[in-house]
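Given next are the chains, with one letter for each unit.
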Amino acid sequence: MSPAPLTVEQAEAMSQRHIKKHHVAIMLLHWFNASVWLFELATGAALIASPYFRVMPYWYIDMMESLFGSRANMLQFHIAVGITWVIVFLVYGIFGFRTYLAKQIFEKEIALDRDDVNWLIIRALRILKKSDEPLPPQDSYNAGQKLFALLVYAMIPIIMITGLIMAFHLVSTAVVGWAVVLHFAAVGLVVSGLIIHVYMGAVFPEEKAAFFSMLTGMVSELYAYRHHFKWWKEVKMQEEAWIHQLQGGSGSTGVAPPISGPGPVAPPAVPEKTEEKHGSPGTFKRIFRAPEYWPPYVAGAGLGLTLLATFVLMGQGLGASGGFTRYLVAVIAWVAPNYAAHSAYWSNYVQPGQSPLIAFLVFELIGVVIGGFVSGWLAGRIRLAVDKGPRISRRTRYALALGGGIVTGYGARLARGCTSGLALSGGAVLSVGAWIFMLSVFAAAFGGAWFMRRYWL
Amino acid sequence: MNAPFFPTFSLTTYLAVAVLLGFFFGFFLERAGFSSAHKLVAEFYFKDFAVLKVMFSAIVVAMLGIAYFSLVGWLDMSQVFVPPTYVWPQLVGGLLLGAGFIVGGY
């Protein structure tokens, strides 16, 4: 069944209603993936530089090398980002196996059906101006997107495995040699598709809505109706079934033509997918997927063991503010290298030939983001929200967060550490200064609580 | 065993271990509810003592482990970084951080 033509009023009404297309987890993965590709392509293109073969002009290679201090640093960066990428994908693949890998990828993203094949043929003919047949209806991803996804999912394992072989010189020299070629070829194939993908998303006017849906998660119903009719139908059916259930039997059925004007009940965008879980709730589910927080002493023991492991492995504790400082130093050293090298404070972090980003805390913070995300995701706590007291506006909360953040940041650097780096880690190794710091933090916070009660309670 | 192990790590291993440790750090912080400013701040209105409980149980667990490992000679404390003490900066810094905490929520 193809979409019926719409009247102007119907189209207007539909463009006002929005339906949810992407889950937050998918959007985050998309933009994480995009930034990894940006970094890896930028450094990778400069890393391919032999007398026989290179892809970029020498000025670009020189620029990238001086940006990182040396070629070796650039390679380390390329490897570190690549490994983070592999880890994040493994986490998504393992923890989200059923919802993400099975449902999202195999069912929605790459399964081509007859309509898809016809869509590709007609699309090609239309571009060549040999046909004006209407395009067959499409699911939540169109056939072009599915082809690109197929290519990407076929190439990603090759890129990851060859990358790891090169990074750790696995197996033998000959295998590493072939890994180089395969790595480059696989990336080349993805890039050829990526050019179209980026063009479609960022430039092509008809697909503007697809681009914004990757930021907000929503598309207008009109866009869904016109470009992804099969998916629109599915969403509508769910909605109808849901309304039907709510009203206990009455209510309209059928999908097309679309309801114009306000429906019998204003339904929320899409009924939340209540996924049927199979079998009785297992131990894993009880422990990791329950929506409640863990008992404080359990979480505290886990945190303590992590801290202990950090001391045993790294000879230092966990931290936060020091890592953020290094990110800032990297920006300062990049924008104003002379100032950074001579400033009494920043120069502590700047060593010639070494990036301030090659440090424990910098990479630990990447892990913190991933770990916190996985924990929240498993428990179903991920959402966009402004965490504020009931009596204040969002703007007040933003202003307080900014002001409080500035004071907190200044205090942390003055004391040479924050609640993680100094109070927690220093406290565990009985640093006197750490305990002084901890007590003053609690004193000031308990003291200030009275003055701030209007804003929190 | 002769911990700490970091001097034997290659740079890549070092950074990979950093990400892994950070993963567990972030995981347990989120499990404890520390991703919510509301929950953190509730501490200071005597409504929810999770911050105190989590922080001190973590410190005690790590402290006992470190003490044990160094007593039996597995952990070389001379190679472990102990934050140096600067009384006034740390006192004032702590007060500022505490004040910023109750205003900003983190």
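Refer to the structure presented above.
Residues numbered from 1 in each chain as written. Chains lettered and ligands numbered in written order. Predicted model: local features only at pLDDT ≥ 70, side-chain atom pairs only at ≥ 80, totals over all residues. Heavy atoms only, no water.

Draft legend 1. Spotlight on a nonpolar patch on the surface. A cluster of nonpolar side chains, contributed by Ile195(A), Ile196(A), Tyr199(A), Met200(A) and Val203(A), occupies part of the molecular surface with about 480 Å² of accessible area. Classification of Ile196(A) as exposed rests on a relative accessible area of 51%. (Patch = residues over 30% accessible without salt bridge, like charges linked within 9 Å, V, L, I, M, F, W, Y side chains within 5 Å. Areas by Shrake-Rupley, 256 points an atom, 1.4 Å probe, with all protein chains shown as cover. Salt bridge = Lys/Arg side-chain N within 4 Å of Asp/Glu carboxyl O. Buried < 20%, exposed > 50% of the residue type's maximum accessible area, 1.4 Å probe, protein only.)

Draft legend 2. Examining empty space enclosed by the protein more closely. A complete count under the given rule lists two cavities of 30 Å³ or more for this structure. In this structure, the largest cavity encloses a volume near 70 Å³. In this structure, the largest cavity is lined by Gln76(A), Ile79(A), Ala80(A), Ile83(A), Thr84(A), Ile87(A), Phe363(A), Thr12(B), Leu15(B), Ala16(B) and Val19(B). By residue class, the composition of the lining of the largest cavity is eight nonpolar, three polar and no charged. (1 Å grid on protein atoms, 1.4 Å probe; cavity = no way out; pocket = protein on both sides within 12 Å on 5 of 7 lines; lining within 4 Å. Points joined across faces, edges and corners; volume = space filled by probe spheres on them. Nonpolar A, V, L, I, M, F, W, Y, C, P; charged D, E, K, R; others polar.)

Draft legend 3. Focus on unusual backbone geometry. Despite not being glycine, Val171(A) shows a phi value in the positive range, around 60°. Among the residues examined, Val171(A) registers a relative accessible area of 72% and is labelled exposed. Its identity is not glycine, yet Phe46(B) carries a phi of approximately 55°, on the positive side. Topologically, Phe46(B) is positioned in the loop between α2 (37-42) and α3 (50-71). (Helix = DSSP H or I, 4+ residues; strand = E, 2+ residues; numbered from the N terminus.)

Draft legend 4. Local environment of the packing of aromatic side chains. As enumerated under the stated definition, the model contains 34 aromatic pairs over all chains in all. Between the aromatic rings of Phe68(A) and Phe77(A), the centroid separation amounts to 5.0 Å while the plane-to-plane angle is 50°, which identifies the pairing as tilted. Judged by relative accessible area, Phe68(A) falls into the buried class, the value being 16%. With centroids separated by 6.2 Å and ring planes inclined at 70°, the aromatic side chains of Trp294(A) and Phe27(B) adopt a geometry described as edge-to-face. A residue pair is termed interchain when its members come from two chains, as with Trp294(A) in the loop between α12 (283-288) and α13 (296-314) and Phe27(B) in helix α1 (residues 11-32). When sorted by exposure, Trp294(A) lands in the same class as Phe27(B), which is buried. Each member of the aromatic cluster is reached from another via a ring pair, and the members are Phe288(A), Trp294(A), Phe23(B), Phe24(B), Phe27(B) and Phe28(B). A cation over a ring is seen here: Arg454(A) above Tyr455(A), with NZ or CZ 4.7 Å from the ring centre. (Phe/Tyr/Trp six-rings, centres within 6.5 Å; stacked < 30°, edge-to-face > 60°. Lys NZ or Arg CZ within 6 Å of the ring centre and 35° of its normal.)

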